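Breakdown of the fold
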Amino acid sequence: QVQLVESGGGLVQAGGSLRLSCVASGRTLSGDNLAWFRQAPGKEREYVGRASGSGQNIFYKDSVKGRFTISRDNARNAVYLQMNSLKPEDTAVYYCAAAGFGDNWRTYNYWGQGTQVTVSS
């Protein structure tokens, strides 16, 4: 059984930075997409970005391009989300997800429990 464990969330002022980590166990995910999604209270889950199995193809939601960076380390079965220049509208619970395709959260088979990111204005 695949388990994803997230860490790194917290409270930060606008303009600050956070780095989220997601470490997987159960099987290697080197052949699978690893993605980040987020969900704010009362809003639908939205795509943030993803990395292909090789880590060579990385895609982002337009609103985070230039601010967020996704990387992965297949030796550690991990994916990271570096978030810079954070804005209040980035406030959400952030989830990592594995073994899906594209930007559709409904296709991903494995999910972390989520980590809260709160950006104060």
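Please refer to the structure placed before this passage.
Residues numbered from 1 in each chain as written. Predicted model: local features only at pLDDT ≥ 70, side-chain atom pairs only at ≥ 80, totals over all residues. Heavy atoms only, no water.

1. Structural notes on the overall build of the protein chain
In terms of helices and strands, the protein chain carries zero helices and eleven strands. The N-to-C order of helical and strand elements in the protein chain reads β-β-β-β-β-β-β-β-β-β-β. At 13 Å, the protein chain has a C-alpha radius of gyration in line with the 14 Å of a compact globule built from 121 residues. When its C-alpha atoms are laid out on the principal axes, the protein chain stretches across 40 × 25 × 25 Å. Relative to its 121 residues, the protein chain shows a buried fraction of 45%. When contacts within the protein chain are restricted to residue pairs at least 6 apart in sequence, those whose partners lie at least 24 apart make up 54%. The average position of the 13 basic charges and that of the 9 acidic charges among the side chains of the protein chain differ by 2 Å. (Helix = DSSP H or I, 4+ residues; strand = E, 2+ residues; numbered from the N terminus. Rg over C-alpha atoms; globule rule 2.2 N^0.38 Å. Buried < 20%, exposed > 50% of the residue type's maximum accessible area, 1.4 Å probe, protein only. Contact = heavy atoms within 4.5 Å. Lys, Arg positive; Asp, Glu negative; His and termini not counted. Charge placed at Lys NZ, Arg CZ, Asp CG, Glu CD.)

2. What to know about the layout of surface pockets
Approximately 190 Å³ is the volume found for the largest pocket. Lining the largest pocket are 13 residues, with Arg38, Lys43, Glu46, Glu89 and Asp90 sitting closest to its centre. Within the lining of the largest pocket, the residues separate by chemical class into two nonpolar, three polar and eight charged. (1 Å grid on protein atoms, 1.4 Å probe; cavity = no way out; pocket = protein on both sides within 12 Å on 5 of 7 lines; lining within 4 Å. Points joined across faces, edges and corners; volume = space filled by probe spheres on them. Nonpolar A, V, L, I, M, F, W, Y, C, P; charged D, E, K, R; others polar.)

3. A few points about the pattern of salt bridges
Throughout the structure, instances matching the rule amount to seven salt bridges. Between Lys61 and Glu46 there is a salt bridge; the shortest N-O distance is 3.4 Å. Taken together, the residues Lys61 in the loop between strand S6 (58-60) and strand S7 (68-73) and Glu46 in strand S5 (residues 46-51) connect sequence positions 15 residues apart. Exposure remark for Lys61: the relative accessible area of 25% places this residue in the partly exposed category. Residue Glu46 is classed as partly exposed on the basis of its relative accessible area, which comes to 28%. In this structure, Arg67 and Asp90 form a salt bridge, with 2.8 Å as the shortest nitrogen-oxygen distance. Residue Arg67 is located in the loop between S6 and S7, and its partner Asp90 is located in the loop between strand S8 (78-83) and strand S9 (92-98); the two are separated by 23 residues in the primary sequence. (Salt bridge = Lys/Arg side-chain N within 4 Å of Asp/Glu carboxyl O.)

4. A short note on the packing of aromatic side chains
Each aromatic ring pair is summarised here by two numbers: the centre-to-centre distance and the angle between the ring planes. If you walk through the whole model with that rule in mind, you get five aromatic pairs. A ring pair is formed by Tyr95 and Trp111, whose centres lie 6.2 Å apart and whose planes are at 80°; its orientation type is edge-to-face. Residue Tyr95 is found in strand S9, and its partner Trp111 is found in strand S10 (residues 110-111); the two are separated by 16 residues along the sequence. The exposure class of Trp111 is partly exposed, given its relative accessible area of 24%. Joined through ring pairs, the aromatic side chains of Phe37, Tyr47, Tyr95, Tyr108 and Trp111 make up one cluster. (Phe/Tyr/Trp six-rings, centres within 6.5 Å; stacked < 30°, edge-to-face > 60°.)

5. Some words on the side chain of Arg72
Tracing the chain through its elements places Arg72 in strand S7. No salt bridge forms around the buried Arg72; measuring N to O, its nearest opposite-charge neighbour Asp32 is 6.6 Å away. Engagement of the side chain of Arg72 in a polar contact is seen with the backbone oxygen of Leu29, the distance being 2.8 Å. Within the structure, the side chain of Arg72 is placed 3.3 Å from the backbone oxygen of Ala51, a separation counted as a polar contact. Aside from chain neighbours lying at most four places away, what touches Arg72 is Leu29, Ser30, Asp32, Asn33, Leu34, Ala51, Ser52, Gly53, Gly55, Ala78 and Val79. (Polar contact = N/O pair within 3.5 Å; in protein donor to acceptor, adjacent residues only side chain to side chain.)

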